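Next come the chains, spelled out residue by residue.
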Amino acid sequence: MEWLSPEEWSAVALSLRVSLWATLAALPFGLFIAYALARWEFPGRQIVNGLVHLPLILPPVVTGYLLLLTFGIRGPVGSILHEMGITLAFRWTGAALAAAIMGFPLMVRAMRLSIEAVDPKLEQAAATLGASRFWVFVTVTLPLILPGVLAGSILAFAKAMGEFGATITFVSNIPGQTQTLPSAIYAFLQVPGGEASALRLVIISVGVALGALIVSEILAQRMAQRIGTK
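Residues numbered from 1 in each chain as written. Predicted model: local features only at pLDDT ≥ 70, side-chain atom pairs only at ≥ 80, totals over all residues. Heavy atoms only, no water.

Draft legend 1. The overall build of the chain, seen in detail. Broken down by element type, the chain carries 10 helices and zero strands. Along the chain, helices (α) and strands (β) appear in the sequence α-α-α-α-α-α-α-α-α-α when read from the amino end. C-alpha atoms of the chain, sized along the principal axes, occupy 65 × 40 × 30 Å. By the burial criterion, 41% of the 230 residues in the chain qualify as buried. Residue pairs at least 24 apart in sequence account for 72% of intrachain contacts in the chain once pairs closer than 6 positions are excluded. Counting every atom, the chain has about 12,400 Å² of accessible surface; 70% of that belongs to carbon and sulfur. Separation of charge centres in the chain, based on 14 positive and 11 negative side chains, amounts to 9 Å. (Helix = DSSP H or I, 4+ residues; strand = E, 2+ residues; numbered from the N terminus. Buried < 20%, exposed > 50% of the residue type's maximum accessible area, 1.4 Å probe, protein only. Contact = heavy atoms within 4.5 Å. Areas by Shrake-Rupley, 256 points an atom, 1.4 Å probe, with all protein chains shown as cover. Lys, Arg positive; Asp, Glu negative; His and termini not counted. Charge placed at Lys NZ, Arg CZ, Asp CG, Glu CD.)

Draft legend 2. Local environment of the packing of aromatic side chains. Summed over the entire model, instances satisfying the criterion amount to four aromatic pairs. When the ring of Phe-32 is compared with that of Trp-40, the centres are 5.7 Å apart and the planes differ by 75°; the resulting orientation is edge-to-face. You can call Trp-40 partly exposed: its relative accessible area is 30%. Among the aromatic residues, those joined into a cluster by ring pairs are Phe-32, Tyr-35, Trp-40 and Phe-137. (Phe/Tyr/Trp six-rings, centres within 6.5 Å; stacked < 30°, edge-to-face > 60°.)

Draft legend 3. Structural view of a nonpolar patch on the surface. Judged by side-chain polarity, Leu-199, Val-202, Ile-203, Val-206, Leu-210, Ile-214 and Ile-218 come together as a nonpolar surface patch covering roughly 610 Å² of accessible area. For Val-202, the position within the fold is in helix H10 (residues 195-228). Overall, Val-202 belongs to the partly exposed group, its relative accessible area being 33%. (Patch = residues over 30% accessible without salt bridge, like charges linked within 9 Å, V, L, I, M, F, W, Y side chains within 5 Å. Salt bridge = Lys/Arg side-chain N within 4 Å of Asp/Glu carboxyl O.)

Draft legend 4. Structural detail: the side chain of Thr-178. Its location among the elements puts Thr-178 in the loop between helix H8 (165-171) and helix H9 (181-189). Among the polar contacts made by the side chain of Thr-178, one reaches the main-chain amide nitrogen of Ile-174 at a distance of 2.8 Å. Apart from the residues within four sequence positions on either side, Thr-178 is in contact with Leu-14, Phe-90, Arg-91, Trp-92, Val-171, Ser-172 and Asn-173. (Polar contact = N/O pair within 3.5 Å; in protein donor to acceptor, adjacent residues only side chain to side chain.)

Draft legend 5. Region of interest: the packing of helix H2 (residues 45-57) against helix H5 (residues 92-116). H5 packs onto H2 with a crossing angle of 125° between their chain directions and a minimal axis gap of 6 Å. Comparing their axes, H5 and H2 come out oblique. As for how H2 packs across H5, the hand of that crossing is left-handed. Side by side, H2 and H5 meet where Arg-45, Asn-49, Val-52, His-53, Pro-55 and Leu-56 of the first sit next to Ile-101, Met-102, Phe-104, Pro-105, Leu-106, Val-108, Arg-109 and Arg-112 of the second. Along the lines of polarity and charge, the residues of the contact of H2 with H5 split into nine nonpolar, two polar and three charged. (Axes fitted to C-alpha atoms, helices over the stretch in contact; angles between N-to-C directions. Parallel < 35°, antiparallel > 145°, perpendicular 65-115°, else oblique. Left-handed = near helix turned anticlockwise from the far one by under 90°. Nonpolar A, V, L, I, M, F, W, Y, C, P; charged D, E, K, R; others polar.)

Draft legend 6. Expanded view of the side chain of Ser-114. Considering the arrangement of structural elements, one finds Ser-114 in helix H5. For Ser-114, the side chain forms a polar contact with the main-chain oxygen of Met-111, separated by 2.6 Å.

Draft legend 7. Representation of the packing of helix H6 (residues 120-128) against helix H7 (residues 133-162) within the structure. Closest axis-to-axis distance for the H6/H7 pair is 10 Å, and the angle between their directions is 160°. When the axis of H6 is compared with that of H7, the two are roughly antiparallel. Our pair here, H6 against H7, has a crossing hand that is right-handed. Residues Leu-122, Glu-123, Ala-126 and Ala-127 of H6 lie in contact with H7, whose contacting residues are Val-136, Val-140, Thr-141 and Leu-144. Counted by class, the contact of H6 with H7 contains six nonpolar, one polar and one charged residues.

Draft legend 8. Up close: unusual backbone geometry. In this structure, Phe-90 takes a positive phi of about 65° despite not being glycine. Its place among the elements puts Phe-90 in the loop between helix H4 (78-83) and H5. In this model, Ser-172 sits at a positive phi of 65°, which is unusual for a non-glycine residue. Mapped onto the elements of the fold, Ser-172 is located in the loop between H8 and H9.

Draft legend 9. Fine view of the pattern of salt bridges. Counted under the stated rule, the structure contains three salt bridges. Among the ionic pairs, Glu-8 bridges to Arg-200, the shortest N-O distance being 2.8 Å. Highlighted residues: Glu-8 in helix H1 (residues 6-39) and Arg-200 in helix H10, separated in sequence by 192 residues. Its salt-bridge partner being Glu-123, residue Arg-39 comes within 3.0 Å of it at the nearest N-O pair. Of this pair, Arg-39 sits in helix H1 while Glu-123 sits in helix H6; the two residues are 84 residues apart in sequence, bridging distant segments of the chain. With a relative accessible area of 22%, Arg-39 lands in the partly exposed category.

Here it is as structure tokens:
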């Protein structure tokens, strides 16, 4: 990374940190929601599905503003967290929250498609042998959908790396604290002579996004082949 300046490397490192925590935090919730939408019938199912995909439709700035209203120190949730010593607004943890929400729909969709591709009869057969619902999921469903889980996680990670609108609205653009890779590109383009730095960060962004798409496609193909042999 000698070809990156300390400021550029700081933005890349922070983006990696934010994206990793965003993906890990969203993973259990994404898996639960994906399974619920794929296997369960319950009142309000379409509403839940709509809320999950809402970040893909809303302008990212709107999502960031809603996060600020909710998790700001004067917001209904943020004020409670602030009293507990937890502050999200204008912190890297807030950037992770924004990135997790923006990548959540991609994660859930990939997982849901992989779950729906699994024949329910396999799960029913395991249940007839006395296995609990949780044990059926762990021993039968999860191994079959693992490529889809990985693909969804990778897509969410890549989305988090490229998240800009919601992040800059919720946590601003503070160098070394909340300035992620997209925010740094924007900042470099606002100053004379910053084009070279912006271009280097753009190359990294394109590489991460393209790599994520390739890996997710490979995993999707393996998932299809794996299920097809069952």
